[in-house]
Amino acid sequence: MATTTQTLANAQRQIKGDRLMFSSSDDNVMSKQIQATHAPDDREVDVRPLLHLIEDIFKRATPTTEAIAVPGIQAHAEALESKTNQASSINVPEALAYLIDQLACELSCKCSGSGDAHTIAISILNMLTNYSWDAKLVLVLSACAVNFGEFWLLAHNCTTNQLAKSVAILRKIPELLERTSMLKPRFDTINNLVKVMVDITKCIVEFRELPPQYIAAEVTALSTAMTHIPVAVYWTIRGVVACASQIAGLTGLEHIVSTTESWELSSLAHKVGNMQSHLATLLSTCYKHIDERKQMEAYQNLHRLMEMIHIDNLKVLKALIYQKDDLLPLLDGVTKRRVSIDVLRRKYVLLLISDVDISQEEVAILEQINNEARQHEVVWLPILDSNAPWTENRQKHFDSLQASMPWYCVQHPSLIEPAVVKYIKEVWNFRKKAILVVIDPQGRVSSLNALHMMWIWGGTAFPFTSAREEALWKEETWKLDLLVDSIDPLINKWISEGKYTCLYGGEDMEWIRKFTNAASVVAQATGISLELVYVGKSNPKERVRRNTVAISTEKLSYYWQDTALVWFFWVRIESMWQSKMQLGRTVETDPIMKEIMSLLSFDASEGGWALLSRGSVEMTKEKGSTFLTCFSEYEQWKDQVQQKGLVAAINDHLKKLHSPHHCSRLVLPGTAGRIPDRVVCAECGRSMEKFVMYQCCDE
C-alpha cells in the first residue's frame, strides 16, 4: 500500500512539474527541445481527408459497454448504416500511408515496453521534422487510429468471423472480453482522452486554415495561438503515447490498470482539454476578427455598388436581398410560393424595411394604398435586432406577419447579410420605425424614405422622387381635405356638402363629455348641423379604446371603430412634418408646416383639442380647455355669428381668450428619422427646448 501511495505521489509530482514547465516562457528548456524538432520545408498535406478518416475510425472503434460484452451488437449497428460511406471514397497518397504505417509501428514497439513517454514523443516529432504542426498532429493521430482501429476490429468481429477469432486468440482478446465490467472505467478514461485529442487536433487544423487575407499573423489572438500550438501538439502526442501504451497493455498478460496509470490518463485528458478550451477561445476571437473584416469588405463593396451606374436593378437588389443562387430568397405574398429576385428586374421596387414588430395597422393601411397603385412592387426586408434572441415565438410571429403581407417578402431575416443591415442603418438611417426605400428600374435610389409620401398621397406620389414631392405640395393648401384625405368617405361627403365638421381628440373623458355637450348646445342655438368626429391620439392605446366605447355608449359623437384609422390619421400628420422637414421647410416660412406643428403640439398635451371647419376652407382650432370656454361663453359672441359666420365668430373669440402664457410640447418619434437640432414653437416663434423622453404606456 505504501509503495502504491509513493508511486502515485511521484506521478503527481511529475505531472505538476510538467505543467509548470510548459506554462512558462519559450526560453524554457523543454519548449526549446520541442521547437528544435521543427524544420518545415513547406510541403503541403491535405489533412482534412485524414481527419475525416480518424473521426470515422474512432467513432466506430470507441466501444460501449454493450458492444464489449456482446460484440455482435456493434456489427449489427454498422450493418444498418448507409453502404455509401464518405470515408470509403478517400484516397491517401502512398507516401503518407507509408509514413503513417511507420508511426504506427513506432508507437506499437516503443509503447509496449517501459519506455519514457517524453522520449517517445520527441522521437516521433523528429520523424515529422519537415511537416507543419497541424500535419504532424494529424499524421500521429492517424497512426494512433490505425492501432486503435485494428484492436477493436478484432474485438468486434471475433465472435462472428473465424479469421478474426483466431487472430484474437493469439492477441488474448477473448480474455479481455470476459472482464468487461472490470475494464469499463479504463475504456471510459481512454475514450475521454481520445475525444479531447481529436477536438484539439480539429482546432489546430482550423487555425492553419484561417484565410490570411482577412487575418494577419500579428493579430494578438492568432499570434498567441501560434505560440501555444507547439506545446499543445507535444502534449497531444503524449496522449497518443499513453493510449498506445494502454492498448498494448490490454493485449498483455495483465489487464488490471493501476491507480497511477488511471490517474495519469485522466490528468493528460484534463491537461489537453484545458489547452483545447484555451485554443478554442482564441480561435473564436480569430473568427470574430475575420467576420468583421469580411463584413467591412462587403460593406465597402456595397457602398461602391450603390454608387455605380447599372443597366437594370438586378445586381443592386441581389446585393441587398441575397447574392447567392442556391435558393429562391423571396416569398410571393399572393401565391405564397418562393420566387427568384428576377421577378423584380427593371421594375420600380419599394423596399419596406422594418423590424419584425411592424404593426398590423401599418401593414393593413399600406396594403390598401398599394392595391390602388400597381406601378411598383413592394418587398419586405425584415431587419433583426442583434440583441434579441431568435426564439420559437418570434419565428411564429414572423410567420404570421409574413403570411398577412400581399407583397414579396424575404423568405427569412437571416438571409440578409450583416453588411447590408449596417448599410441600411448607417446610410439609409433606419432605426426602428419602418422606412420605404425606392429603387428605380436602373438600380438607383429614388427616395431614402417614401413612406411619408405614401401615407400622405398614396400611389399619386409615384415615382416618389423629391421633385414629385415638391410638385404635390405646391398643389396643397391648409384645409380639412388635406387632413382627412380618403380616410373616411363620410367625412369627405360632409366636406363636399359644406357641413360644419369638428375634429376633436385627447384622452380626458371628462373634457370630452363637457365639450361634446357644449358643442351640441351651440349647434342647436345657431341652428346648424354640426358633425363631431373623435380622432383620439397618436399611437392609440387602451385608454383611447375605452374612450371610444364610452362615446359610442353615450352617443356623444361620431368616431372610428377601427383604431387603424386613428393611427393612420396621426401618422399622416407626422408624415407631413417629416416631408416638410426633408424639403427644408420651417414654421417661419411655411404656413402648412405651422399648422401641422400646432396639431402635433395639441396631441402631445395632456388635455383635449378641437378643430372646427365649414366645408373645406373655413377652419379654426384651439386647445380643449380654451375651446370649451369659448362654447360656454356663447352668449358673449352669438351676435357676431350673423355678421361674420360661425367659424369666424368662434375664431375671433378664441383669439380674445388666448393667453400669451403657454406651455407647448411637441413629441416626435425618436426613430422617425433625422431629428432637427432646432424646432420653433408654432404659437410664439421661439426656439423650443429639447428633452429626451422614454415612454412605455399601454393604456
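Residues numbered from 1 in each chain as written. Predicted model: local features only at pLDDT ≥ 70, side-chain atom pairs only at ≥ 80, totals over all residues. Heavy atoms only, no water.

Trainee: Describe the overall build of the protein, and please don't skip the residues or the numbers.
Mentor: Helix and strand content of the protein: 28 helices and twelve strands. Relative to its 699 residues, the protein shows a buried fraction of 48%. (Helix = DSSP H or I, 4+ residues; strand = E, 2+ residues; numbered from the N terminus. Buried < 20%, exposed > 50% of the residue type's maximum accessible area, 1.4 Å probe, protein only.)

Trainee: I'd like a description of the confidence of the model for the protein, backed by residues and values.
Mentor: With 80% of its residues at a pLDDT of 70 or more, the protein shows a mean pLDDT of 83. Taken as a whole, residues 1-27 scores under 50 in pLDDT and shows 27 contacts with residues more than four places along the chain or in a different chain. Here residues 694-699 is a poorly scored stretch, pLDDT under 50, and it has six contacts once near neighbours within four places are set aside; other chains count. (pLDDT = per-residue confidence, 0-100. Contact = heavy atoms within 4.5 Å.)

Trainee: How would you explain the sheet that holds strand β6 (residues 435-439) if you had to name every residue and give the values?
Mentor: Two modes of strand pairing occur in sheets, parallel and antiparallel, and in both the strands are linked by backbone hydrogen bonds. Read across the sheet, seven strands follow the order β2-β1-β5-β4-β3-β6-β7 without closing on themselves; strand pairing throughout is mixed. The open sheet has two edge strands with one neighbour each: β2 (338-339) and β7 (445-447). (Pairing = 2+ DSSP bridges.)

Trainee: So what about the pattern of salt bridges? Which residues, and what values?
Mentor: In total, this model carries 27 salt bridges according to the counting rule given. Linking Lys-202 and Glu-55 is a salt bridge whose minimum nitrogen-to-oxygen distance equals 3.2 Å. Taken together, the residues span a long stretch of sequence, with Lys-202 in helix α11 (residues 180-208) and Glu-55 in helix α3 (residues 47-61) at a distance of 147 residues. Since its relative accessible area comes to 31%, Glu-55 is described here as partly exposed. Residue Glu-531 pairs with Lys-499 through a salt bridge whose shortest N-O separation is 3.5 Å. You can see Glu-531 sitting in strand β9 (residues 530-534) and its partner Lys-499 sitting in the loop between α21 (489-496) and β8 (500-505), a full 32 residues away along the chain. What emerges from the salt-bridge pattern is a single network uniting Glu-470, Lys-580, Arg-585 and Asp-590. (Salt bridge = Lys/Arg side-chain N within 4 Å of Asp/Glu carboxyl O.)

Trainee: Quick one: what's the story with the pairing of β6, residue by residue and with numbers?
Mentor: Burial of β6 is extensive: five of the five residues sit out of reach of the surface. The two faces of β6 match: Ile-435, Val-437 and Ile-439 on one face and Leu-436 and Val-438 on the other face are all buried. One ladder, built from five bridges, connects strand β3 (residues 348-354) with β6; its direction is antiparallel. In the sheet register, Leu-350 faces β6, and the bridge partner there is Val-438. Direction of pairing for β6 relative to β7: antiparallel, over a ladder of two bridges. Each bridged residue has a counterpart across the sheet, and for Val-438 the counterpart in β7 is Ser-447. Where β6 folds back onto β7 in an antiparallel hairpin, the turn is made up of five residues, including Gly-443, whose phi is positive at roughly 85°.

Trainee: For the pairing of β3, give the residues involved together with the corresponding values.
Mentor: The buried fraction of β3 is high, at six of seven residues. Inspection of the sheet shows β3 paired to strand β4 (residues 376-382) by seven bridges, in the parallel sense. Looking at β4, one finds that Leu-350 is bridged to Val-378. What joins β3 to β4 is helix α15 (residues 360-372), and the crossover it makes is right-handed. (Right-handed = clockwise from strand over helix to strand, strands pointing away.)

Trainee: Describe in detail the packing of aromatic side chains, supporting the description with residues and values.
Mentor: Applying the stated criterion to the full structure yields 24 aromatic pairs. Judged by centre distance (5.1 Å) and plane angle (80°), the rings of Trp-457 and Trp-473 are edge-to-face. Taken together, the residues span a long stretch of sequence, with Trp-457 in helix α18 (residues 451-457) and Trp-473 in helix α19 (residues 466-474) at a distance of 16 residues. Taken together through their ring pairs, the aromatic side chains of Tyr-504, Trp-511, Phe-515, Tyr-534, Phe-627 and Phe-631 make up a single cluster. (Phe/Tyr/Trp six-rings, centres within 6.5 Å; stacked < 30°, edge-to-face > 60°.)

Trainee: Explain the side chain of Glu-106 residue by residue, including any values.
Mentor: Structurally, the position occupied by Glu-106 is in helix α6 (residues 94-110). For Glu-106, the side chain forms a polar contact with the side chain of Lys-110, separated by 2.5 Å. Those residues in contact with Glu-106 that lie beyond four places of it in its chain are Cys-111, Ser-123, Ile-124 and Met-127. (Polar contact = N/O pair within 3.5 Å; in protein donor to acceptor, adjacent residues only side chain to side chain.)

Trainee: Tell me about the nonpolar core, and please be specific about residues and values.
Mentor: Counting residues in hydrophobic clusters, the biggest one holds 77 residues, and the most contacted among them are Phe-58, Ile-124, Leu-139, Leu-193, Phe-207, Ile-237 and Leu-279. Elements with a minimum of two residues in this core: α3, α6, α7 (117-127), α8 (133-157), α11, α12 (220-250) and α13 (259-307). Per element, the largest residue contribution to this core is 16 residues, and it comes from α12. Apart from the residues within four sequence positions on either side, Ile-124 is in contact with Leu-103, Glu-106, Leu-107, Val-140, Ile-237 and Val-241. Ile-369, Trp-478, Trp-560 and Trp-570 belong to the second largest nonpolar core, which has 65 residues in total. (Core = buried A, V, L, I, M, F, W, Y, C linked by side-chain atoms within 4.5 Å.)

Trainee: Go over helix α26 (residues 624-632), please, and point to the residues and values.
Mentor: Looking only at α26, the buried set comprises Gly-624, Thr-626, Phe-627, Leu-628, Cys-630 and Phe-631. As for α26, its buried residues are in contact with α22 (509-526), β11 (609-614), β12 (618-623), α27 (634-644) and α28 (646-657).

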